[in-house]
Amino acid sequence: MVVIKTSRELALIKEACRISANALKAAGEAVQPGISTLEIDTIVRKYIEKQGATPSFLGYGGFPGSACISVNNVVIHGIPSKKCILKEGDIVSVDVGAFIDGFHGDNAYTFPCGKISAQAQALLDATKESLYEGIKAAQAGNRIGDIGHAVQQYVEDRSYSVVRDFVGHGVGAKLHEDPAVPNYGTPGRGVRLLPGMTIAIEPMVNAGDYNVKVLDDEWTTVTADGSLAAHFEHTIAITPDGPKILTIAD
Ligand code: MG
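Keep in mind it's a predicted model, so treat the numbers as computed, not measured.

1. Focus on the sheet that holds strand β14 (residues 234-239)
Reading across the sheet, the 5 strands line up as β8-β7-β9-β14-β15 and stay open at both edges, with antiparallel pairing between neighbours. In this open sheet, the two strands that pair with only one neighbour each are β8 (177-181) and β15 (242-245). Taking each pair of neighbouring strands and ignoring which way they run, the sheet shows an average axis angle of 30°. Of the pairings in the sheet, the one linking strand β9 (residues 198-201) to β14 comprises 4 bridges and is antiparallel in character. In the sheet register, T198 faces β14, and the bridge partner there is A237.

2. Considering the coordination of the magnesium ion
Each protein donor to the magnesium ion is listed here as D106 (OD), H169 (NE2), E202 (OE) and E233 (OE); together their distances run 2.1 to 2.4 Å. Sequence spacing among the residues donating to the magnesium ion works out to D-x62-H-x32-E-x30-E. With D106 in strand β5 (residues 103-112) and H169 in strand β7 (residues 168-170), the pair connects residues that are 63 residues apart, well separated along the chain. We note that D106, like H169, is buried.

3. Some details on helix α4 (residues 144-157)
Count 3.6 residues to each turn of an α-helix, and residues three or four apart come out pointing the same way. Between the first and last C-alpha of α4 there are 20 Å, a value that for 14 residues agrees with the 20 Å anticipated at 1.5 Å per step. Judged by how many residues are buried, α4 sits mostly within the fold: 10 of 14 residues are covered. Considered for burial, the residues of α4 that qualify are I144, G145, D146, I147, G148, A150, V151, Q152, Y154 and V155.

4. Examining the environment of V71
Relative to the helices and strands, V71 resides in strand β2 (residues 67-71). By relative accessible area, which is 12% here, V71 ends up buried. Along the chain, V71 and S130 lie 59 residues apart, while their C-alpha atoms are 20 Å from each other. Discounting chain neighbours no more than four positions away, the residues touching V71 are T37, C84, L86, D90, I91 and V92.

5. Remarks on the sheet that holds strand β10 (residues 204-206)
As summarised here, the arrangement of the 3 strands in space is β6-β10-β13, forming an open sheet in which the pairing is antiparallel. The open sheet has two edge strands with one neighbour each: β6 (161-162) and β13 (229-231). By the bridge criterion, 3 bridges tie β10 to β13 in an arrangement that is antiparallel. Across the sheet, the residue bridging to M204 is H231, located in β13. The strands touched by helix α3 (residues 118-136) are β10 and β13; relative to β13, the strand with the most contacts, the crossing angle is about 35°.

6. Let's talk about the pairing of β5
In terms of residue burial, β5 counts as a mostly covered element, since 8 of its 10 residues are buried. The pairing of strand β4 (residues 91-100) with β5 spans 10 bridges and is classified as antiparallel. Counterpart to S93 in the pairing with β5 is T110. With antiparallel pairing between neighbouring strands as the criterion, β4 and β5 make up a hairpin whose turn holds 2 residues, including D101 at a positive phi of roughly 50°.

7. Digging into the packing of helix α1 (residues 7-30) against helix α2 (residues 37-50)
Relative orientation of the contacting elements α1 and α2 amounts to 150°, with a least axis distance of 9 Å. Taken together, the axis directions place α1 and α2 in an arrangement best described as roughly antiparallel. For the element pair α1 and α2, the recorded crossing hand is right-handed. Contact with α1, carried on its side by I19, N22, A23, A26, A27 and A30, involves I40, I43, V44, Y47 and I48 of α2 and no other residues of that element. Partitioned by chemical class, the residues of the contact of α1 with α2 number 10 nonpolar, 1 polar and no charged.

8. What about unusual backbone geometry?
That bond from D178 to P179 is cis: its omega, 0°, falls within 30 degrees of zero. With respect to the secondary-structure elements, P179 resides in strand β8. Although it is not a glycine, N72 adopts a positive phi angle of roughly 60°. Locating N72 in the fold gives a position in the loop between β2 and β3 (74-76). The backbone of E218 shows a phi angle near 70°, a positive value even though the residue is not glycine. Structurally, E218 is set in the loop between β11 (212-214) and β12 (221-223).

Cut-off values and rules
- Residues numbered from 1 in each chain as written.
- Predicted model: local features only at pLDDT ≥ 70, side-chain atom pairs only at ≥ 80, totals over all residues.
- Heavy atoms only, no water.
- Pairing = 2+ DSSP bridges.
- Helix = DSSP H or I, 4+ residues; strand = E, 2+ residues; numbered from the N terminus.
- Axes fitted to C-alpha atoms, helices over the stretch in contact; angles between N-to-C directions.
- Donors = N, O, S within 2.8 Å, 3.2 Å for Na, K, Ca; no water.
- Buried < 20%, exposed > 50% of the residue type's maximum accessible area, 1.4 Å probe, protein only.
- Expected span 1.5 Å × (residues − 1).
- Contact = heavy atoms within 4.5 Å.
- Parallel < 35°, antiparallel > 145°, perpendicular 65-115°, else oblique.
- Left-handed = near helix turned anticlockwise from the far one by under 90°.
- Nonpolar A, V, L, I, M, F, W, Y, C, P; charged D, E, K, R; others polar.

What follows is the structure, given as structure tokens:
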């Protein structure tokens, strides 16, 4: 069931999103050669808790971290670890959610660690831009398929591929609500977008083909062909005046 939020609920979601965005920003500022992904996770958790919020991901389905931190060929759901030490040239996807006053915010960004290759940078640029293409398509009256189509078109025009096995989602009192928001689709198909809907659009883009596999830890999701992957996400609100990005840092 798709939940339409009241203006009061939207204000609360906006605050959860602001905290999520600040936590993501803090994570990005910590990305550098020599730091472990567990240290970044601790920075995220401490920031969120200091705001009186709780990390949405901590304990979600048994997830052990406050952030998902996914390096290079890891697409999503990387488990923070003191053994995972970042090195120059890595690309580091951080996915963070915060929960406060009954609502969640959710966002992700792939950060470069030091100097990265031109190929890696091009993947990051394309994935980030595809998110904004998806957001542009999120107009009231459009449908979910319009968002997915916009993302997919942008990505595939650059010879990358969009992951099929994981998708964006509604965000609100629950971290994952209806509707599902795939990063692929057919224009004019799917749930109609209405003012008051809040959704996370989150392209996961592989440099190789779109197949992924989940490792034995049941979380870490890697590209099947070992290629690099990137992930960018915003929580947005559908409004009569167009899509509004809620996950904006101070
Ligand atoms: Mg999400």
